[in-house]
Amino acid sequence: MPNKEMLLIPGPTPVVDEIYEALAAETWAHTDPRFVSVFANSLKLTKQLFNTDGEVFVIAGSGTLAMEMAVVNVLAPGEKLLVISQGYFGDRFVPLAQTHGIQVETLQAEWGQQVDPGAVADKLARESFKAVTLTHVDTSTGVVADLAALVPIIKRSGALLILDGVCAAAALDEDMQKEYGAPDYKIDLVLTGSQKAIGVPPGLAIVAFGPRALAAREARGLVGGYYVDIKNWLPIMENPGRYYATPPVNMIYAFNRGMEIVMKEDLPRRYRRHEALGKAVRAALSTYGMKPLASEQAAAPTLTCFLYPEGVDDLAFRRALAAKGVVIAGALASLAGKAFRIGHMGNVTGEMFSQAIRLMGETLTEMGHAVNSEAAVAKFREVYQF
Ligand SMILES: *Cc1c(COP(=O)(O)O)cnc(C)c1O
């Protein structure tokens, strides 16, 4: 049992023993047929995760590389991108795209709120964009994007839809063949990293290109980057025995194992588990006077940003909790010091959260804010029927 701590930050998430074991296996040649079959299997499972009839790319890097691959392969310098932002990671697309000479406009929701679909519809009715980025779950705020409302609006405009699924893939449905109201209203591109809801250590950028996104790359000339150009990777993803740049062999072992765990749990069940876990964590910690930044309707199943009760010192609380073995994250930007973020995604269990909720209550009580940990744990168990 290598994990000595409960890593409940919004990624990396706790890694289960089977994945550590895969990671620690002997490093084979990247061209060894045994490795090639592991790599091929992980790609097959990734295609199933997104149910794409396009192509997936699994490459050494982090979620940010996946964001960059998504953007630069479909947008040429001078073309227009609309960034729909519900927080810090939504905003990240702005300088990223500007670096590549792309013209960016932004629609920003107030932190903690979902973007108004009416405002998106107005914007897209007035101007045309080659692509739109949307962050499925913004990790700074714990706000989930309303795909049912937004996908039809975006697709009606003819733009390509790039979905940042870094804090969502394998915890929320990102089916790329799902029709959102019309046969061609589908998500064109989804990207993620290995370390969040998939539950594998950090190190892989994962991007799925649907048919329209692949066609957009094909129609585009030279891409301003060598490692990020999917055309260079296509032959490898079709046949992982070919060489372009050395794949991170051990990370692929770990990722393959991680994807097997995800698919074995069964996607609809995994999505329901995250939904229930999010609800239960919010219900339990609310009994301590902690207040989720997002409303229940906008709250993500994968992580929550909680405002502290009056008078709780952020650093002191997180330090004392870490000393008990539970690691949570601070909040970003203007919320720093006033809120914390707790991840509830990936290969985590109800038992872990019962324990973490109890330890959070004990920490608060020791800091002079007496709360009832037993009642909070009971609340958690009552809501998390899983
Ligand atoms: C974590 C995260 C990223 C950045 O991923 P890195 O692996 O840190 O590069 C991007 N978008 C979202 C929504 C994230 O949660």
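Residues numbered from 1 in each chain as written. Predicted model: local features only at pLDDT ≥ 70, side-chain atom pairs only at ≥ 80, totals over all residues. Heavy atoms only, no water.

Digging into the environment of A283
Here is step 1: Locating A283 in the fold gives a position in helix α11 (residues 267–286).
Here is step 2: With relative accessibility at 22%, the residue A283 sits in the partly exposed group.
Here is step 3: In this structure, the C-alpha to C-alpha distance between A283 and F380, residues 97 residues apart in sequence, is 6.7 Å.
Here is step 4: Sequence-distant contacts of A283, defined by excluding residues within four places in its chain, comprise K379 and V383. (Helix = DSSP H or I, 4+ residues; strand = E, 2+ residues; numbered from the N terminus. Buried < 20%, exposed > 50% of the residue type's maximum accessible area, 1.4 Å probe, protein only. Contact = heavy atoms within 4.5 Å.)

Regarding the site of the ligand
Here is step 1: As a structural note, the neighbourhood of the ligand is formed by 14 residues, with S62, T64, T139, D164 and K196 the closest of them.
Here is step 2: Here an oxygen atom of the ligand sits 2.8 Å away from a polar atom, N or O, in the main chain of G63.
Here is step 3: Taking T64, its side chain carries an N or O atom lying 2.5 Å from an oxygen atom of the ligand.
Here is step 4: About the coverage of the ligand: the protein hides 90% of its 380 Å² of free accessible area.
Here is step 5: Spatially, the ligand is embedded in the second largest pocket.
Here is step 6: Per-element tally for the shell around the ligand: the top contributor is helix α3 (residues 63–74), with three residues. (Near = heavy atom within 4 Å. Polar contact = N/O pair within 3.5 Å; in protein donor to acceptor, adjacent residues only side chain to side chain. Areas by Shrake-Rupley, 256 points an atom, 1.4 Å probe, with all protein chains shown as cover. 1 Å grid on protein atoms, 1.4 Å probe; cavity = no way out; pocket = protein on both sides within 12 Å on 5 of 7 lines; lining within 4 Å. Sits in = over half its atoms within 2 Å of the grid points.)

Here we look at unusual backbone geometry
Here is step 1: Of note, the bond from G11 into P12 is cis; its omega dihedral lies within 30 degrees of zero at 0°.
Here is step 2: Of note, P12 is situated in the loop between β1 (6–7) and α1 (17–23).
Here is step 3: Its identity as a non-glycine residue notwithstanding, A333 has a phi of 50°, on the positive side.
Here is step 4: Turning to its location among the elements, A333 is positioned in the loop between β14 (329–330) and β15 (339–343).

A closer look at the UniProt feature "binding site: substrate" (unreviewed entry) in the protein
Here is step 1: Annotation from UniProt places "binding site: substrate" (unreviewed entry) at R341.
Here is step 2: Separated by 2.8 Å, the side chain of R341 and the backbone oxygen of T139 make a polar contact. (UniProt positions renumbered as here; feature names shortened; annotations may be inferred.)

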